[in-house]
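Structural description and commentary
Here's the letter readout for the chains.
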Amino acid sequence: MTRRVAVFEPGGLSRKELRALRRAAAEPSADRRDTSKRPERNLPEPVVPGPFGPGLADHGYWNLAKTFIPANQATSQQLAGVYPFVADAGLGHRGPIVGVDLNADALWHFSPWEAYTDATERGALSTNVLVLGAYRAGKSAAVKTLVARSLAFGHQAVVPSDPKGEWVRVAEAIPGGVVIRIGGGSGARLNPLDRGPRRSDASDEQHEKMVRQRRITTLVSLVEMALGNTRLTAVEHAALHEALERSIRITADRPTLRDVYEHLGNITAERTDARLAEGAVQPRFVLRRFVDGDLSGLFEDESTVAFDKDAPIVVVDTSELFARSELVAQLTQVCTTAWIQAVISDRSARRTRYLIREEGWRDMTSLASLQMFQQWLKLSRHYGISNVVILHKMGDLDAVGDADSKERNLAYSIVGDIENKFIFRINHQETSSLRERLNVPASHVEDARRLRVGVFLAYVGQFAYVVDCFATSTEWEYDLFTTDEAIESASVDDEALSYLTQEDLDELWPEPVDTDVAGWLSASGKEQ
Ligand SMILES: Nc1ncnc2c1ncn2[C@@H]1O[C@H](COP(=O)(O)OP(=O)(O)O)[C@@H](O)[C@H]1O
Ligand SMILES: [Mg+2]
C-alpha cells in the first residue's frame, strides 16, 4: 500500500528549511509506529514465550503468528446488531402459553385475537390458523393444548365434526363441556338448514346473503356428493332453489330437508314446467336417503338439540357415522358443519370462538362449497371466530376436483390465504407443495422435515417462530390429549407404511458404489 502524505508548507521558508520539513514529514513518526506491548493492551503473557507457542515443547499445535485479536466487550444491544439472526424477541406475552419458543428461549404465548388486534409489526391480519403436518406429528394435541388453555381467557371452542371421537374426552374433562352425539341411537337431530340466531340489530345484508348461500350450498353439496361428485345441471339447481324458496315461505323461515324433499315432489307432480319437474327428480332421490333411508332421523327435521352458547367447549361427535362409509361421513360433515356455522354466526353473542375443523376437506368437493368456505373464512372475523383448519397434507386438497380444475385451484388459494400457519413435521412429498403453495422458504421446509413430535413452525403475520408445544405439557394434558390408545392399530400401520414411498426409499438408499477392485483402480486412475 502506498502512503500519501499531504504537507501544508508555510510560505516564506528558505529552500533548506523546506527540504528539512519534507524529510521530516516523509519519515514515519515515532508515535505513529505500533509500540504497544501486551501488558499495555491488558493481554495476558503467553504461557510459553516465543513465536512457536506451547506446541514445540509438548508436541501439540504450534503457531508461528502471535494472535492480535484484542478482547472486545459490548452490550447485548450492540451484539444483537452484530449477530442479528441468532435470537428473536418472541411474540410477546398476551394470550395463553402454548409452548416454548426455541429461538427466543422463552415461553410462546398465542391468541389469534390478540395477534389480530396487535397494531405492531408482530400482528396478524386474520384470526384463522392453518395446521399442517404428517400423521402423529402432534397437530391435534397442540390444538387441544391451545384450546384448553384458552378457555380461561373466555374463548369458546367448537368442533363441528369430530370423526375419531378424540375431542369427546376433552369436552367431558372440562366442566360444562357439551358433547352432541350424532347417530348411534342418541336421538339427537341437527337441521342443517337452520337459520341460526336472529340478529337483534337491523338486518345485515351480508348476513342474510350468507344464510341464503349456506342453505343452498348445503343442499347442492349433499346432492352432488351423493351423486358421486357430478355437477348439478342448471335445471336441477333451479329445481332445488325453487323447492327451498317454497319451504322457506311456507314454514316462515324454518325450512328442513323434509320440506325441501316434499316440495321437490310437488314440483315433479305439478308439471307446470316440464323441464323444472324433470330437474327435481334426481335431487329428490338423494334427499330421500335423509327422509326415509339410512340417514333418516338425523338431519331431516327441526333440530332437537340447542347450541349452548355458554358452554366452554361444544363437540359434535360424528364418529359413529364416520365408521359407516366415506359417503356417509361426507354427508354428515356437510350437515353438522352447516348447522354449527348457522348457530355461531352471531355477533351479538360477543364471544370469541375457535372453530376446529379436523378432517377439514372432506366436505369441500364442490365449487359452491369452496366458495362458501372462502366467504366463511372472510366473514368469521366479523363474528369473532378463529377457524383452525387441520390438514394432514397439502395432497388432501387433491381430492377436490381434477388436476388444474377451478375447484382445486380455489382450494389451494383458500389454504394459501390463511395467514397464520402452524407447520408440523412434514413428509418428503410435501416439500415442493409447501414451497409453491404456501410460499414457505426452502430452508424452513428443510427444517419442517426434521421437526420432533409436538414442535412446529409457527407463522403469525410476517414472523416465524419455532415452538415446542409439548415442552410445557402437564401430566393432566398429556393423559387427556394423547391419542395412542384411541387409534386402531390397523390404521396406524397403514399410515406408517404410507410414509415410505418409492421416492423415500430411493432417498434412503445409498448411491451405488463400484466395489470391484478393478473398478476402484480405474476410478482412482482417472482422477489422477
Ligand atoms: N403433551 C404431550 N407430550 C408428549 N407427547 C404427546 C403429548 N400429547 C400427545 N402426545 C403424543 O403425540 C403423538 C401425536 O399426537 P396427535 O396430536 O394425535 O397427532 P396428529 O393429530 O398430528 O395426528 C401421540 O402419540 C401422542 O401420544
Ligand atoms: Mg389428529
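The structure we're discussing is the one just above.
This write-up is about the structure you can find in this document.

About the criteria used
Residues numbered from 1 in each chain as written. Chains lettered and ligands numbered in written order. Predicted model: local features only at pLDDT ≥ 70, side-chain atom pairs only at ≥ 80, totals over all residues. Heavy atoms only, no water. Helix = DSSP H or I, 4+ residues; strand = E, 2+ residues; numbered from the N terminus. Buried < 20%, exposed > 50% of the residue type's maximum accessible area, 1.4 Å probe, protein only. Contact = heavy atoms within 4.5 Å. Areas by Shrake-Rupley, 256 points an atom, 1.4 Å probe, with all protein chains shown as cover. Core = buried A, V, L, I, M, F, W, Y, C linked by side-chain atoms within 4.5 Å. Expected span 1.5 Å × (residues − 1). Phe/Tyr/Trp six-rings, centres within 6.5 Å; stacked < 30°, edge-to-face > 60°. Pairing = 2+ DSSP bridges. Right-handed = clockwise from strand over helix to strand, strands pointing away. Near = heavy atom within 4 Å. Polar contact = N/O pair within 3.5 Å; in protein donor to acceptor, adjacent residues only side chain to side chain. Nonpolar A, V, L, I, M, F, W, Y, C, P; charged D, E, K, R; others polar. Axes fitted to C-alpha atoms, helices over the stretch in contact; angles between N-to-C directions. Patch = residues over 30% accessible without salt bridge, like charges linked within 9 Å, V, L, I, M, F, W, Y side chains within 5 Å. Salt bridge = Lys/Arg side-chain N within 4 Å of Asp/Glu carboxyl O. Lys, Arg positive; Asp, Glu negative; His and termini not counted. Charge placed at Lys NZ, Arg CZ, Asp CG, Glu CD. Left-handed = near helix turned anticlockwise from the far one by under 90°.

**With respect to the overall build of the protein**
Secondary structure assignment for the protein yields 21 helices and 11 strands. Scored against the burial criterion, the 528 residues of the protein give a buried share of 45%. Sequence separation of 24 or more characterises 70% of the internal contacts of the protein that already satisfy a separation of 6 or more. When the accessible surface of the protein is summed, it comes to about 28200 Å², and 53% of that surface belongs to carbon and sulfur atoms.

**Observations regarding the nonpolar core**
Within the largest apolar cluster, 83 residues are counted, with the highest numbers of intra-cluster contacts made by Ile182, Val260, Phe290, Trp361, Trp376, Ile423 and Leu438. The biggest single contributor to this core is helix H13 (residues 326-344), with 8 residues. In this view, Ile182 contacts Ala188, Leu190, Leu298, Phe299, Val316, Asp317, Glu320, Leu321 and Thr336; residues no more than four positions away in its chain are not counted. Counting 40 residues, the second-largest nonpolar core is a separate cluster that includes Ala141, Val143, Val159 and Val315.

**Focus on helix H9 (residues 257-270)**
Along its 14 residues, H9 runs 20 Å from first to last C-alpha, staying within 8% of the 20 Å computed at 1.5 Å per residue. Buried within H9 we find Leu257, Asp259, Val260, Tyr261, His263, Leu264, Gly265 and Ile267. Close packing links the buried residues of H9 with helix H7 (205-226), helix H8 (234-250), helix H10 (274-279) and helix H11 (281-292). Positive backbone phi, at 55°, marks Arg271, one or two positions downstream of H9.

**Focus on the packing of aromatic side chains**
All told, the structure shown has 11 aromatic pairs when counted by the stated rule. Aromatic pair Phe110 and Phe422: ring centres 5.4 Å apart, planes at 70°, arrangement edge-to-face. Highlighted residues: Phe110 in the loop between strand E2 (106-109) and helix H4 (112-117) and Phe422 in strand E9 (residues 420-423), separated in sequence by 312 residues. An angle of 65° between the planes, with centres 6.4 Å apart, marks the rings of Phe290 and Phe299 as edge-to-face. Take Phe290 and Phe299: they sit in the same class, and that class is buried.

**Here's the deal with the pairing of strand E7 (residues 353-357)**
Counting buried positions over the 5 residues of E7 gives 5, a clear majority of the element. Side chains Arg353, Leu355 and Arg357 project from E7 onto one buried face, and the interleaved Tyr354 and Ile356 project onto a second face that is buried too. Inspection of the sheet shows E7 paired to strand E8 (residues 385-391) by 5 bridges, in the parallel sense. Note that in E8 the partner of Arg353 across the bridge is Ile385. The parallel pair E7 and E8, bridged by helix H14 (residues 367-380), forms a crossover whose chirality is right-handed.

**Considerations on the site of ligand 1**
Around ligand 1 there are 15 residues in total, and Ser140, Ser473, Thr482, Thr483 and Asp484 lie nearest to it. Ala141 is positioned such that a nitrogen or oxygen atom in its backbone is 2.7 Å from an oxygen atom of ligand 1. Here a nitrogen atom of ligand 1 sits 2.6 Å away from a polar atom, N or O, in the side chain of Ser473. Coverage of ligand 1 by the protein amounts to 87% of the 570 Å² it exposes when considered alone. Looking at the shell around ligand 1 element by element, the count peaks at 3 residues for helix H5 (residues 139-150). Broken down by class, the residue content of the shell around ligand 1 amounts to 7 nonpolar, 5 polar and 3 charged.

**Things to note about the sheet that holds strand E10 (residues 455-460)**
Pairing in this open sheet of 11 strands is mixed, and the strands run E2-E1-E11-E10-E9-E3-E8-E7-E4-E6-E5 from one edge to the other. The strands lining the two open edges of the sheet, one partner per strand, are E2 and strand E5 (178-181). Adjacent strand axes in the sheet meet at a mean angle of 25°, parallel and antiparallel pairs treated alike. Where E5 lies against strand E6 (residues 313-317), 4 bridges are found, and the strand directions are parallel. For Ile180, the partnering residue across the bridge sits in E6 and is Val316. Against the sheet, helix H6 (residues 166-173) touches strand E4 (156-162), E5, E6 and E7, its axis set at about 145° to E6.

**Description of the pairing of strand E11 (residues 463-468)**
Pairing geometry for strand E1 (residues 97-101) and E11, over 2 bridges, is antiparallel. When the bridges of E11 are listed, Asp101 appears paired with Val467. By the bridge criterion, 6 bridges tie E10 to E11 in an arrangement that is antiparallel. Its bridge partner being in E11, Ala458 is matched across the sheet by Tyr465.

**Regarding the environment of Ser366**
Here Ser366 shows up in the loop between E7 and H14. Its relative accessible area of 5% is what places Ser366 among the buried residues. Residues Ser366 and Thr217 lie 149 residues apart in sequence; the distance between their C-alpha atoms is 9.1 Å.

**Quick look at a positive patch on the surface**
The grouping of Arg15, Lys16, Arg19 and Arg23 at the surface amounts to a positive patch. Relative to the elements of secondary structure, Arg19 occurs in helix H1 (residues 15-26).

**Notes on the packing of H8 against H9**
Packing of H8 against H9 leaves a shortest axis separation of 8 Å and a crossing angle of 115°. H8 and H9 meet at a crossing whose hand is right-handed. Across the interface between the two elements, Ala239, Leu240, Glu242, Ala243, Leu244, Arg246, Ser247 and Ile250 from H8 touch Asp259, Val260, His263, Leu264, Asn266, Ile267 and Glu270 from H9. When its residues are assigned to classes, the contact of H8 with H9 shows 8 nonpolar, 3 polar and 4 charged.

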